[in-house]
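Per-entry structural report
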Amino acid sequence: MDSKKTAQETTPNQRSHPNPLKALADFFFEVGMLKRTPRSGFQFLGTGRESVADHSFRVAVIGFSLARLADHPDPFRVVCLCLFHDVAEARTGDMNYVNKQYVKVDEEKAVAHLAHALPFGGELRAFLEEYRAGETDAARLAHDADQLDLILELKQQKDLGNAYAQEWIRYALERLCTETGRRLANQILETDSAAWWFDGNDHWWT
């Protein structure tokens, strides 16, 4: 059975939200769920915590930076891919790598449902399809931004003494797919996570 047809068939009635502003208000409340949805992998790492919204914000900042470094012609498309890449988790929750060995999430169905009444629903679905396919330069940069945010968090946990963080970093490095992403990851790993505010600022404390 065609998966796209299945998602369309299970989409709520288009007439359920005749007012586009009401649809947007609903969407904004739904996106707010990401602030209360934890990134579940930290329970296995043992330290650290963040919400999906926390993660998505920095991924978007990293994505813009990567796009500029790589001289991508449309850095704002990269930002949009980053910003929305985990939006379906408002409905599905976050599935970590262990969870995914046992649970299959119908992300396509979740996206179809959350986007169906939005005035830009088609554009949102296109962003997420492009991100999942990972075939465009923008999508590859967005994927690397996702991994770089994880690497940043793991480097911070390593600096704070988590002995397992280095092993997680090794796998995250293997998932990088652009040279720009790999160069930036190397710099992140050479940088103390507290250096931005601590180094050279002794006069703050005396």
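These remarks concern the structure in this document. All values derive from a computational prediction rather than experimental measurement.

1. Section: the pattern of salt bridges
Using the criterion set out here, one finds 12 salt bridges in the structure. Salt-bridge contacts for Arg58 lead to Glu153; the nearest nitrogen and oxygen are separated by 3.8 Å. In this pair, Arg58 is assigned in helix H4 (residues 52-69) and Glu153 in helix H9 (residues 137-159), connecting sequence segments 95 residues apart. One connected set of salt bridges, linked through shared partners, spans Arg58, Asp149 and Glu153.

2. What to know about the packing of aromatic side chains
The tally for this structure, following the rule as stated, stands at 8 aromatic pairs. Their ring planes at 45° and their centres at 5.9 Å tell us that Phe64 and Phe76 sit as a pair that is tilted. Of this pair, Phe64 sits in helix H4 while Phe76 sits in helix H5 (residues 75-84), placing them 12 residues apart in sequence. Ring centres 6.4 Å apart and planes at 25° place the aromatic pair Phe198 and Trp205 in the stacked group. Judged by relative accessible area, which is 40%, Phe198 ranks as partly exposed. An aromatic cluster is present here, built from Trp197, Phe198, Trp204 and Trp205 joined pairwise through their rings.

3. Digging into the packing of H4 against H9
For any two helices packed against each other, one specifies the crossing angle of their axes together with the interaxial distance. One way to put it is that H4 packs onto H9 with a least axis distance of 8 Å and a crossing angle of 120°. Relative to H9, the element H4 lies oblique. Crossing angle aside, the handedness with which H4 passes H9 is right-handed. Every residue of H9 that contacts H4 at His55, Arg58, Val59, Ile62, Gly63, Leu66 and Ala67 is listed here: Leu141, Ala142, Asp144, Ala145, Asp146, Leu148, Asp149, Leu152 and Glu153. In terms of residue class, the contact of H4 with H9 is built from 9 nonpolar, 2 polar and 5 charged.

4. Some words on the side chain of His55
Within the secondary structure, His55 sits in helix H4. Exposure remark for His55: the relative accessible area of 0% places this residue in the buried category.

So, how was this worked out
- Starting from 1, residues in each chain are numbered consecutively following that chain's sequence as written.
- Predicted model: local features are reported for residues with pLDDT of at least 70 only, side-chain atom pairs are reported and counted for 80 or more only, and whole-chain, interface and lining totals are derived from all residues.
- Working from all heavy atoms in the structure, the side-chain values ignore hydrogens and water.
- Salt bridges, as used here, are contacts in which a Lys or Arg side-chain nitrogen is within 4 Å of a carboxyl oxygen on Asp or Glu.
- Helical segments are the DSSP runs of H or I of at least four residues, strand segments are the runs of E of at least two, and each set is numbered from the N terminus.
- Between the rings of Phe, Tyr and Trp (Trp by its six-membered ring), a pair exists once the centres lie within 6.5 Å; its type follows the angle of the planes, with under 30 degrees stacked, over 60 edge-to-face, and the other angles tilted.
- Remark: exposure states derive from per-residue accessible area (1.4 Å probe, protein chains only) relative to the maximum for the residue type, with buried under 20%, exposed over 50%, and partly exposed in between.
- A fitted line through C-alpha atoms represents every axis, and for helices the fit uses only the stretch in contact; the resulting angles, taken between N-to-C directions, go from 0 to 180 degrees.
- The scheme is simple: roughly parallel for angles under 35 degrees, roughly antiparallel for over 145, roughly perpendicular for 65 to 115, oblique for anything else.
- Take the far helix as the reference: if the near one is turned anticlockwise from it by less than a right angle, the crossing is left-handed, and if turned clockwise, right-handed.
- The criterion used for residue contact is that any of the two residues' heavy atoms lie within 4.5 Å.
- Asp, Glu, Lys and Arg are counted as charged, while Ala, Val, Leu, Ile, Met, Phe, Trp, Tyr, Cys and Pro are counted as nonpolar; the rest, among them Gly, fall into the polar class.

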